[in-house]
Number of protein chains: 2
Amino acid sequence: MNALAGRNALITGGLGFIGSHLARRLVDEGAEVTLVDSLIPEYGGNMFNVAAIADRVHINISDVRDEHGMRYLIQGHDLLFNLAGQTGHLDSMTDPETDLEINCRAQLAILETCRKYNPEIQIVFASTRQIYGRPAYLPVDEKHLVRPVDVNGINKAAGEAYHILYNDVYGIRSCALRLTNTYGPHMRICDARQTFLGIWVRRILEGQPFEVWEGQQLRDFTYVDDAVDAFLAAAQDERANGKTFNLGGTEVISLHDVAELLVKVNGGGSYETKSFPAERKRIDIGDYYSDGAAIKAAIGWEPKVSLEVGLARTLEFYRTNLNRYV
Amino acid sequence: MNALAGRNALITGGLGFIGSHLARRLVDEGAEVTLVDSLIPEYGGNMFNVAAIADRVHINISDVRDEHGMRYLIQGHDLLFNLAGQTGHLDSMTDPETDLEINCRAQLAILETCRKYNPEIQIVFASTRQIYGRPAYLPVDEKHLVRPVDVNGINKAAGEAYHILYNDVYGIRSCALRLTNTYGPHMRICDARQTFLGIWVRRILEGQPFEVWEGQQLRDFTYVDDAVDAFLAAAQDERANGKTFNLGGTEVISLHDVAELLVKVNGGGSYETKSFPAERKRIDIGDYYSDGAAIKAAIGWEPKVSLEVGLARTLEFYRTNLNRYV
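The paragraphs below set out a description of the structure included in this document.

## Describing the overall build of chain A
Part 1 of the argument: For chain A, the count of helices and strands is 11 helices and 12 strands.
Part 2 of the argument: Here the C-alpha atoms of chain A give a radius of gyration of 19 Å, agreeing with the 20 Å that 2.2 N^0.38 yields for 326 residues.
Part 3 of the argument: Across its three principal directions, the C-alpha atoms of chain A cover 55 × 45 × 40 Å.
Part 4 of the argument: Sorting the 326 residues of chain A into buried and exposed places 53% on the buried side.
Part 5 of the argument: Long-range pairs, those at least 24 residues apart, make up 80% of the contacts in chain A with a sequence separation of at least 6.

Below is the structure:
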C-alpha cells in the first residue's frame, strides 16, 4: 500500500502547469486531492490541465490572497503543496505590489493559518532559482548568496524564508524546492511568463520561426515528471524539512543548442536569432545552472528525463492539444 | 562650504533614536531637514528627541504606509535617509502582517514613488544584522548567507533587496547599512524592543538590578554618533550605491562583560543573571559580531567611540532626561 493512499492533499496553483501533474500523480496513488487555483489569465491555471482527472479531484476556484477562504481550505489536510505564485519577472517590475501580495503576504497568511489551525500539516513550497540572481559561480549550490535581480526574486526569497522559519520556530514541517527551468505538457505556451520554451514550442508547431535571444547562455532544464517526483519525495521524507534544495536538470546546454535540439526533435522548423530586448536585459541573469547534489544526498532525488526525451513528449502533447493552450 | 549645506533631506523615522541624531547633524551642516514619523508608541519616535532642534526642522507626523502622503513628501528632496521600520523581533512573530506592511510593502511603495516622481534622489536604507540569523562563522561579513530567524529579519532582508534592485535596475541611487547593536542617547529604554541595553540603563539609573540573560554571548556595539557618520558618509559617496555594508563596533564583548562595564562606568549598580526566556530563545542568534572591513575599504568609515566612552555619554544623558523616556 502506498504511503500517499488516503491522505488529504491540498495543492495551491493546482490547475497550473506543475500543480496539475502533481494532482494526477497524487490521485493515482490514492490520495484525496483538493486543488486551489484562481485562474488568473496571465498565470498558469487551465481547466484543461485536469480534464482527465476532473471527477477524481476537488476543484476550488479561489485566490491564495483570500485569507478567510484559505483558513477553511487548509484545515483537514495532511499535505500542502504550495505552488501558487506570481511567476512573471517583468510583471513583478511593472506591478510589484501584486507580486508582493501573492508571493509574500499570502504566503505568510497561509503559514499563520497552518500554525493556528493545522500545525500537523506537511508543506512543500515551490521556490525558484531566480532568487540567486546573476550567478557568482557555477554550478550554483545552496550556499550561493541570494541576490535577486527582480522584485519577483526578492519576494519569492521572502516566501521561501517564511516557510523555513515556521518549520524551525513553530515546527510546521516545511521545505522548499528551488526550481530551475521546468518544462513539459501543461506549461503555458501563449507567452514567456513561465518559460521561453513555451513560446518556442507553440511557434514551431504553428510552422513559424521562433525567436532565440542571443542564444549562447547556458541553462538547465527539469522535465515536469521529474519535478513532481521531487515534490512527492520531499513531502514524504522528514530529512527535507527545514531545508531548501535546488532542483537541477540532466544536462547543461546553451540556448542555441536547445533551439537546435527542438528543431531536430520536431523533425523540422526554424528560428531567428534576435538581440536581447532592453527591458529584459537589465533583469537577465546570464548563464545559470544548478548544483543538485544536496537534494540527491539528502533524500535521493535526481532528474532522470533527458532534454531530448522531454522535448519529444512535450511536442507530442501540444501537437494534439495546441488549441487548448493559446 | 559643506556639501550638505542647502540640500533637502528627508528622514523617515526621523523622531526616532538614530533618525533624530541624524537630523541634528544635518541641520548643523546647513541642510533643510524634514522628519517623517508616525510616533507609534511601541517604536522609537519621541518628540523630546528633537526638542533642541524643533525650530530648525520640518516635522511631519505620518506613516510610511501612507502611500499618498509619502508621494508628496518624497518630491523635492535630494536625500532620503530611510530609517522607519518595525524593529521588534518578538513583535514580528506575534504580528507578522504589520511587520510586512512596514518593512516590505511600504519600502516597495517608497521606491516606486522615487522611481516615478524623484529618480534623482539619493537613498540610504537602515538594514540590520538580524537578517544573517545565527552566524555560520565569525566575524560575519557581507558574504554570509542571509538566514533570518524571525519574520522581522526576512522582511528587512526584502526591504534591503528592493533598495539595491532599484539602484541596479532603475538607477535610483541607494545603499543599505546593516546595523549591529546601536546605542546611545535617544534610544528606547522603556523596553527591549530596540536594544536590551536600554532597559539595563534605565534599571541601573533607577537604582534597580538589571537582568542579564545567560550573559556569555558575544556582541558588538556601535555608538549612535558613529552610526550617523556612516549614514552621512554613505549618502555622499557614490561608491556606496548598490552596496550593502555591515556596520561593526569598536570591540567584541560578552554580555556579561557589558554588564560589568555598565556597572563600572555608572560607579555602582547590580545585575541578576537569568535564564533565557523560552519565547526569545527560539529566535536568538547566539554569538554575533560584524566584520566591518568592506565599508572601511569602500568609503573609509569605521567606528571610533569605545563602548566605555559611549556608555558614559549614554548614562550622562539619561541621568538628566530619564523621565522623558519611560
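What follows picks up the thread again.
## Section: the environment of Arg24 of chain B
Residue and element names in this part refer to chain B.
Part 1 of the argument: The residue Arg24 is located in helix α1 (residues 17–28) in this model.
Part 2 of the argument: Classification of Arg24 as partly exposed rests on a count of 19 C-beta atoms within 10 Å.
Part 3 of the argument: Taking the C-alpha atoms as reference, Arg24 lies 9.6 Å from Asn49; in sequence the two are 25 residues apart.

## Some words on the relation of the copies chain B and chain A
Part 1 of the argument: For the pair chain B and chain A, the best superposition has an RMSD of 0.0 Å and corresponds to a rotation of 180° with a translation of 0.0 Å parallel to the axis. Taken together, the rotation and translation relating the two chain copies correspond to the operation of a two-fold axis. Distance from the rotation axis, computed per C-alpha, reaches its smallest value in chain B at Leu145 of chain B: 2.8 Å.
Part 2 of the argument: When you check the interface residues of chain B against chain A, 100% turn up at the interface there too, and the contact is symmetric in its surfaces.

## What to know about the sheet that holds strand β9 (residues 218–223) of chain B
All names here are of chain B.
Part 1 of the argument: If you trace the three strands from one edge of the open sheet to the other, you get β7-β9-β11, paired in mixed fashion. At either margin of the open sheet sits one strand with a lone partner, and together these are β7 (181–183) and β11 (252–254). This sheet shows a mean twist of 50° between the axes of neighbouring strands, independent of strand direction.

## A short note on the interface of chain B and chain A
Part 1 of the argument: Residue-level contacts link 21 residues of chain B with 21 residues of chain A.
Part 2 of the argument: Listing elements by their share of the side of chain B that touches chain A, those giving two or more residues are α4 (96–117) and α5 (151–170) of chain B.
Part 3 of the argument: The leading source of residues in the side of chain B that touches chain A is α5 of chain B, at eight residues.
Part 4 of the argument: A per-class count over the side of chain B that touches chain A returns 15 nonpolar, one polar and five charged.

## Things to note about the sheet that holds strand β7 (residues 181–183) of chain A
All names here are of chain A.
Part 1 of the argument: What the three strands build is an open sheet, ordered β7-β9-β11; its pairing is mixed. The open sheet has two free edges, formed respectively by β7 and β11 (252–254), since each of these has just one partner strand. In this sheet, neighbouring strand axes are inclined to one another by 50° on average, regardless of whether the strands run parallel or antiparallel.

## Remarks on the pairing of strand β8 (residues 210–213) of chain A
Residue and element names in this part refer to chain A.
Part 1 of the argument: The two faces of β8 differ: Phe210 and Val212 on one face are buried, but Glu211 and Trp213 on the other face are not.
Part 2 of the argument: Taken together, the four bridges between β8 and strand β12 (residues 271–274) define a ladder with parallel strand orientation. For Glu211, the partnering residue across the bridge sits in β12 and is Glu272.

## Examining helix α7 (residues 224–235) of chain B
Part 1 of the argument: Between its terminal C-alpha atoms α7 of chain B stretches 17 Å, which fits the 16 Å expected from 12 residues at 1.5 Å a residue.
Part 2 of the argument: Buried residues of α7 of chain B: Val224, Asp226, Ala227, Val228, Asp229, Ala230, Phe231, Leu232, Ala234 and Ala235 of chain B, and no others.

## Quick notes on the nonpolar core
Part 1 of the argument: Counting 192 residues, the largest nonpolar core has Ile11, Leu177 and Phe231 of chain A together with Ile11, Leu177 and Phe231 of chain B as its most contacted members.
Part 2 of the argument: With sequence-adjacent residues up to four places away left out, Ile11 of chain A is seen in contact with Gly19, Leu22, Ala23, Val33, Leu35, Val36, Phe81 and Leu83 of chain A.

## A short note on the environment of Arg324 of chain B
Part 1 of the argument: By the element assignment, Arg324 of chain B lies in the segment after α11 (307–321).
Part 2 of the argument: Measuring from C-alpha to C-alpha, the distance between Arg324 of chain B and Phe48 of chain B comes to 6.9 Å, with 276 residues separating the pair along the chain.

## Some remarks on the packing of helix α2 (residues 67–74) of chain A against helix α4 (residues 96–117) of chain A
Residues and elements named next belong to chain A.
Part 1 of the argument: At a minimum axis separation of 10 Å, α2 and α4 run at an interaxial angle of 45°. Between α2 and α4, the crossing angle belongs to the class labelled oblique. As for how α2 packs across α4, the hand of that crossing is right-handed. Within the contact between the two elements, α2 uses Glu67, Met70, Arg71 and Ile74 and α4 uses Ala109, Ile110, Thr113, Cys114 and Tyr117.
Part 2 of the argument: Here the contact of α2 with α4 is built from residues that sort into six nonpolar, one polar and two charged.

## So, the environment of Asp287 of chain A
Residues and elements named next belong to chain A.
Part 1 of the argument: With respect to the element layout, Asp287 can be found in the loop between α9 (278–281) and α10 (293–299).
Part 2 of the argument: For the pair Asp287 and Ile253, spaced 34 residues apart in sequence, the C-alpha separation works out to 9.9 Å.
Part 3 of the argument: Every residue in contact with Asp287, bar those within four places of it in the chain, is listed here: Pro135, Leu138, Gln217 and Leu218.

## A word on the pairing of strand β6 (residues 174–179) of chain B
Residue and element names in this part refer to chain B.
Part 1 of the argument: Judged by how many residues are buried, β6 sits mostly within the fold: six of six residues are covered.
Part 2 of the argument: Residues of β6 alternate between two faces, with Ser174, Ala176 and Arg178 on one and Cys175, Leu177 and Leu179 on the opposite face, all of them buried.
Part 3 of the argument: Note: strand β5 (residues 122–128) against β6, six bridges, orientation parallel. Looking across to β6, one finds that Phe125 is bridged to Ala176.
Part 4 of the argument: Where the polypeptide runs from β5 across α5 and back to β6, its parallel neighbour, the crossover connection is right-handed.

## A short note on α5 of chain B
Owing to its 3.6 residues per turn, the α-helix brings residues three or four apart onto one side.
Residues and elements named next belong to chain B.
Part 1 of the argument: End to end, α5 covers 28 Å across 20 residues, agreeing with the expected 28 Å (1.5 Å per residue, within 8%).
Part 2 of the argument: In terms of residue burial, α5 counts as a mostly covered element, since 17 of its 20 residues are buried.
Part 3 of the argument: Of the residues trailing α5, Gly171 is marked for its positive phi of about 70°.

About the thresholds
Residues numbered from 1 in each chain as written. Chains lettered and ligands numbered in written order. Predicted model: local features only at pLDDT ≥ 70, side-chain atom pairs only at ≥ 80, totals over all residues. Helix = DSSP H or I, 4+ residues; strand = E, 2+ residues; numbered from the N terminus. Rg over C-alpha atoms; globule rule 2.2 N^0.38 Å. Buried ≥ 20, exposed ≤ 12 C-beta atoms within 10 Å, placed from the backbone. Contact = placed C-beta atoms within 7 Å. Least-squares fit on C-alpha atoms with pLDDT ≥ 70 in both. Pairing = 2+ DSSP bridges. Axes fitted to C-alpha atoms, helices over the stretch in contact; angles between N-to-C directions. Nonpolar A, V, L, I, M, F, W, Y, C, P; charged D, E, K, R; others polar. Expected span 1.5 Å × (residues − 1). Core = buried A, V, L, I, M, F, W, Y, C linked by C-beta atoms within 7 Å. Parallel < 35°, antiparallel > 145°, perpendicular 65-115°, else oblique. Left-handed = near helix turned anticlockwise from the far one by under 90°. Right-handed = clockwise from strand over helix to strand, strands pointing away.

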